[in-house]
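Close look at the chain arrangement
Residue-level listing of the chains:
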Amino acid sequence: MGSIVPVPITPQRFAGKIVFLTGGTGGLGAATCELFLAEGASVFVVDLHAHDIASKLSKTLHFQKCDVSDPVACEEAVRACVAHFGRLDVLINCAGRVGPVTDVPGMPVEEFQKLIGLNLGSVFYLSRVAIPQMIKQGGGAVVSIASTSGLAGDYGLCAYNAAKAGVINLSRAMACDHAKDGVRVNVVCPGYMITPMSAAFETQPDMYADLLDGIPQGRGCDPKEVGRAVLWLASDEASFTTGTTLVVDGGWGARSGAPKFTKYM
Ligand SMILES: NC(=O)c1ccc[n+]([C@@H]2O[C@H](COP(=O)([O-])OP(=O)(O)OC[C@H]3O[C@@H](n4cnc5c(N)ncnc54)[C@H](O)[C@@H]3O)[C@@H](O)[C@H]2O)c1
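Every value quoted in this text rests on a predicted model; they were computed, and no experiment measured them. (Residues numbered from 1 in each chain as written. Predicted model: local features only at pLDDT ≥ 70, side-chain atom pairs only at ≥ 80, totals over all residues. Heavy atoms only, no water.)

Re the site of the ligand
By nearness alone, 28 residues border the ligand, and Gly27, Leu28, Asp47, Tyr160 and Thr195 come closest of all. At a separation of 2.8 Å, an oxygen atom of the ligand approaches a polar backbone atom of Gly27. The side chain of Thr195 places a nitrogen or oxygen atom 2.5 Å from an oxygen atom of the ligand. When isolated, the ligand has an accessible area of 820 Å², and the protein chains bury 92% of it. Contributing elements (two or more residues each) for the shell around the ligand: helix H1 (27-38) and helix H4 (158-178). When grouped by side-chain class, the residues that make up the shell around the ligand number 15 nonpolar, 10 polar and three charged. (Near = heavy atom within 4 Å. Polar contact = N/O pair within 3.5 Å; in protein donor to acceptor, adjacent residues only side chain to side chain. Areas by Shrake-Rupley, 256 points an atom, 1.4 Å probe, with all protein chains shown as cover. Helix = DSSP H or I, 4+ residues; strand = E, 2+ residues; numbered from the N terminus. Nonpolar A, V, L, I, M, F, W, Y, C, P; charged D, E, K, R; others polar.)

Okay, structure coming up:
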């Protein structure tokens, strides 16, 4: 029998790497930030709200307030990251918001534009500044958080559906354009994560039961379960993976939409 190669407890896949992370004080952002820090990265967090990050700041964790729906603020934040840490290896686009539950006639134009600017525009605004920096350094990785809501339509989430679908195809286009530059671009589509964004679900018992019933694993996930997929795509382990969409949803998208036969027959 050959010798057993020990698996390191903390792989340190990001030692020396600089990660620019949006929405980094929210549920998924904070969980992903913790995973990156544990694996040796330095993280430049931008978010509209500081939440509880002030107590965690360190030599490897920097926070800057930034509205990522503003293209000028996005450009300034990327430059601030490079000025602070000297480089930028990984861009994680995690900031997002669902918006009001309404159909197209009920959606105010200004709200639609805001939701597209935040959920989709931010990915474009940041990538257009971060990618040239990565190319200058010899390569890098972009991972954007879309949603299962980017893969199909929902009732009452028209702007969110449009924006998240846009994130997926924008990422495919960037993956094609920058593959030979050494920049990989991928997307993670979470299903139901237990975060502040989805906290209201539990307050509506009928809707919540319906939601869980539709997930083959029968539960929402800890955001770290999605964060681990983000880290894999951002790491060199995913060296031949670009332009892909990784769905992390407890089996939600595996369903055809037919009734749950085993429940009724
Ligand atoms: N929670 C879920 O079930 C779920 C499912 C699928 C996809 N997602 C996506 O995952 C990502 C993270 O969501 P979450 O569940 O952690 O939500 P969250 O509300 O906990 O975190 C979102 C973060 O984005 C920040 N943000 C909002 N607008 C911003 C702006 N204009 N500029 C900068 N930052 C801004 C918020 O301050 C917050 O910290 C989002 O893109 C969301 O659409 C969430």
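Concerning the side chain of Thr22
Considering the arrangement of structural elements, one finds Thr22 in strand E1 (residues 18-22). Taking relative accessible area as the criterion, Thr22 reaches 1% and is therefore assigned buried. At 2.8 Å, the side chain of Thr22 forms a polar contact with the backbone nitrogen of Cys94. If we skip the residues at most four places from it in the chain, Thr22 touches Val46, Val68, Ile92, Asn93, Cys94, Ala95 and Leu126. (Buried < 20%, exposed > 50% of the residue type's maximum accessible area, 1.4 Å probe, protein only. Contact = heavy atoms within 4.5 Å.)

Notes on the side chain of Ser42
Counting through the fold element by element, Ser42 comes out in strand E2 (residues 42-47). Relative accessible area serves as the criterion here: at 12%, Ser42 is assigned to the buried category. Those residues within four positions of Ser42 in sequence are excluded, and the remaining contacts are Lys17, Ile18, Val19, Thr60 and Phe85.

Describing the sheet that holds strand E3 (residues 61-65)
What the seven strands build is an open sheet, ordered E3-E2-E1-E4-E5-E6-E7; its pairing is parallel. The strands lining the two open edges of the sheet, one partner per strand, are E3 and strand E7 (245-248). Along the sheet, successive strands turn relative to each other by an average axial angle of 15°, direction set aside. Bridge analysis of E1 against E2 gives five bridges, and the strand direction is parallel. Note that in E2 the partner of Ile18 across the bridge is Ser42. Contacting E1, strand E4 (90-93), strand E5 (140-145) and strand E6 (183-190), helix H3 (residues 109-137) runs over the sheet at an angle of about 175° to E4. The strands that H4 touches are E5, E6 and E7; relative to E6, the one it contacts most, it runs at about 160°. (Pairing = 2+ DSSP bridges. Axes fitted to C-alpha atoms, helices over the stretch in contact; angles between N-to-C directions.)

Remarks on unusual backbone geometry
The backbone of Gln12 shows a phi angle near 55°, a positive value even though the residue is not glycine. Structurally, Gln12 can be placed in the segment before E1.

With respect to the packing of helix H2 (residues 71-85) against H3
Where H2 meets H3, the closest approach of the two axes is 8 Å, and the angle between their N-to-C directions is 30°. By the criterion of interaxial angle, the relationship of H2 to H3 is roughly parallel. Between H2 and H3 the crossing geometry is right-handed. Of the residues in H3, those touching H2 at Pro71, Cys74, Glu75, Val78, Arg79 and Val82 are Tyr125, Leu126, Arg128, Val129, Ala130 and Gln133. Considered class by class, the residues forming the contact of H2 with H3 number eight nonpolar, one polar and three charged. (Parallel < 35°, antiparallel > 145°, perpendicular 65-115°, else oblique. Left-handed = near helix turned anticlockwise from the far one by under 90°.)

A few points about the pairing of E1
Among the five residues in E1, five count as buried, and that is most of the element. Side-chain alternation along E1 places Ile18, Phe20 and Thr22 on one buried face and Val19 and Leu21 on a second face that is also buried. In this fold, the crossover linking E1 to E2 by way of H1 has right-handed handedness. Note that E1 and E4 share three bridges and pair parallel. (Right-handed = clockwise from strand over helix to strand, strands pointing away.)

Quick look at the packing of H3 against H4
Following both chains from N to C, one finds H3 and H4 inclined at 15°, their axes separated by 8 Å at the closest point. The orientation of H3 with respect to H4, classified from their angle, is roughly parallel. In this structure, H3 meets H4 at a crossing whose hand is right-handed. On the side of H3, the interface is formed by Phe112, Leu115, Ile116, Asn119, Leu120, Val123, Phe124, Ser127, Ile131 and Ile135, while H4 contributes Ala159, Tyr160, Ala162, Ala163, Lys164, Gly166, Val167, Leu170, Met174 and His178.

Overview of the nonpolar core
Counting 33 residues, the largest nonpolar core has Phe20 and Val68 as its most contacted members. Only E1, E2, H2, H3, H4 and E6 provide two or more residues apiece to this core. It is H3 that provides the largest number of residues to this core, a total of eight residues. Leaving out residues up to four positions away in the same chain, Val68 has contacts with Thr22, Val46, Cys74, Ala95, Gly117, Leu118, Ser122, Tyr125 and Leu126. Ranked by size, the runner-up nonpolar core spans 26 residues in total, among them Phe14, Leu28, Cys221 and Leu233. (Core = buried A, V, L, I, M, F, W, Y, C linked by side-chain atoms within 4.5 Å.)

Keep in mind these numbers describe shape, not what the thing actually does.
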